[in-house]
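Each chain is listed here by its residues.
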Amino acid sequence: MSNLFYIILVQFGLTLNKELTILVCTIEKEPIPRHIRFKWMCELFPSAKVVHVIDEVPSYPHEHFDFWNIWTDLLRREISYDTEVFFSSEDYGYEVAERLAIKHIMVDKERNSVPISATSVRLNPFLKWDFIPNNVKPYFVKRIVLTGPESTGKTKMAELLAKHYCTTWVREYGREYFVNKKAKLELTDIIEIAKGQIKLEEEEVLKANRLLFCDFDLIVTQIWSEIYFKECPTEVLELTSDREYHLHLLMDIDIPWEDDGTREFPDLRAWHFNRIKGELEARKLNYVIVSGDYEKRWKTVEQIISKLMLQIN
């Protein structure tokens, strides 16, 4: 069942009942983590009672000889004694309702309201984007990092890509942090910069249209900390290990270095490039080196992203 059909089913139930219990039944092997699915339903229906059922139970009658008794006992445990109606969009709803001695209401069995399946959405969510609830979309957004040393065109490329793909991008938080502080950075500032970068990214992903372009990531924060302080705070290293991206675009240093008033290390560009490249390889992350003039870089990046958007999840 698609996410949108879940919404229609629940909304129908809410129109007929002041009190509605939603059972979010998940098992460990499902492709989307169970806690995330539960969170989505809680966000979508704050007025309903949302119950997360994590019993590893059979999904279909042929999977277990005692299927119906297992599910009847589970439902009796999770729903209140005065429940009057069971809503579903499957024929099994009649059997469930009969066993619970309550009424069953079938909702759009033929799926005329949403003629797609959850499987088709998961395989390529970009093709079914309009069917995905807004609070679910960030889960499917592909995050792309533009990384590299100073003066390699990251910010300009991120901004232009966001405009081209009608989406949003994440600016470099550390630059504005440094400008606003108006003082020499200390090691503890690296932690605040990392947290600020994450906060910016999580704000922008809520507005993203399929893709999110990041002008900065915490691997670069880590390396800048090494440049300035010869070490990186443990907290930042832990935060860095938790971040996941679909692609890193490593901008090459084959374009001239330009001083914008905040750049400091033209002599470190080669070292910095190799340090980032080594970190990406050590972590086995998906990255591509982007070289050449602007026209060549744009063509390279556009081709890579077009392939990325067609990939099956």
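Residues numbered from 1 in each chain as written. Predicted model: local features only at pLDDT ≥ 70, side-chain atom pairs only at ≥ 80, totals over all residues. Heavy atoms only, no water.

## Quick notes on the sheet that holds strand β6 (residues 168-170)
Strand order in the open sheet formed by 5 strands is β6-β7-β5-β8-β9, with parallel pairing between adjacent strands. Both edges of this open sheet fall to β6 and β9 (287-290), since each of them pairs with a single strand only. Between one strand axis and the next, the sheet turns by 25° as a mean value, whatever way the strands run. The sheet contact formed by β6 and strand β7 (residues 211-214) spans 3 bridges and is parallel. When the bridges of β7 are listed, T168 appears paired with L212. On the sheet, helix α9 (residues 187-205) packs against β5 (142-147), β6 and β7 and is oriented at approximately 175° with respect to β6. (Pairing = 2+ DSSP bridges. Helix = DSSP H or I, 4+ residues; strand = E, 2+ residues; numbered from the N terminus. Axes fitted to C-alpha atoms, helices over the stretch in contact; angles between N-to-C directions. Contact = heavy atoms within 4.5 Å.)

## A short note on the pattern of salt bridges
If you walk through the whole model with that rule in mind, you get 22 salt bridges. The closest approach of N and O atoms between R99 and E95, which form a salt bridge, is 2.8 Å. In this pair, R99 and E95 both sit in helix α4 (residues 92-100), 4 residues apart, roughly one turn of the helix. Owing to a relative accessible area of 31%, R99 belongs among the partly exposed residues under this scheme. A relative accessible area of 29% means that E95 is categorised as partly exposed. Here the residues in one salt-bridge network are R143, E201, E202 and R243, joined through shared partners. (Salt bridge = Lys/Arg side-chain N within 4 Å of Asp/Glu carboxyl O. Buried < 20%, exposed > 50% of the residue type's maximum accessible area, 1.4 Å probe, protein only.)

## Brief notes about α9
Here α9 is 19 residues long and its end C-alpha atoms lie 28 Å apart, about the 27 Å a rise of 1.5 Å per residue gives. Three or more residues of α9 are buried, namely D189, I190, I191, I193, A194, G196, Q197, I198, L200, E201, E204 and V205. (Expected span 1.5 Å × (residues − 1).)

## Overview of the packing of helix α3 (residues 67-78) against α4
It is at 10 Å that the axes of α3 and α4 come closest, and there the two elements cross at 65°. Here α3 runs over α4; the crossing is right-handed. Across from W68, N69, T72, L75 and R76 in α3, the residues of α4 making contact are Y92, E95, V96, R99 and L100. Taken together, the residues of the contact of α3 with α4 sort by class into 5 nonpolar, 2 polar and 3 charged. (Left-handed = near helix turned anticlockwise from the far one by under 90°. Nonpolar A, V, L, I, M, F, W, Y, C, P; charged D, E, K, R; others polar.)

## With respect to the state of the cysteines
Tallied over the entire structure, the rule returns 0 disulfides. You can see C25 has no disulfide; the closest cysteine sulfur is in C42, sitting 13 Å from it. Summary of cysteine pairing: C232 is not part of a disulfide, and the nearest cysteine sulfur, belonging to C214, is at 18 Å. (Disulfide = S-S within 2.5 Å.)

## Quick notes on the side chain of Q197
Mapping Q197 onto the fold places it in helix α9. Beyond its immediate sequence surroundings of up to four residues, Q197 is in contact with V170, R171, E172, Y173, G174, F216 and L218.

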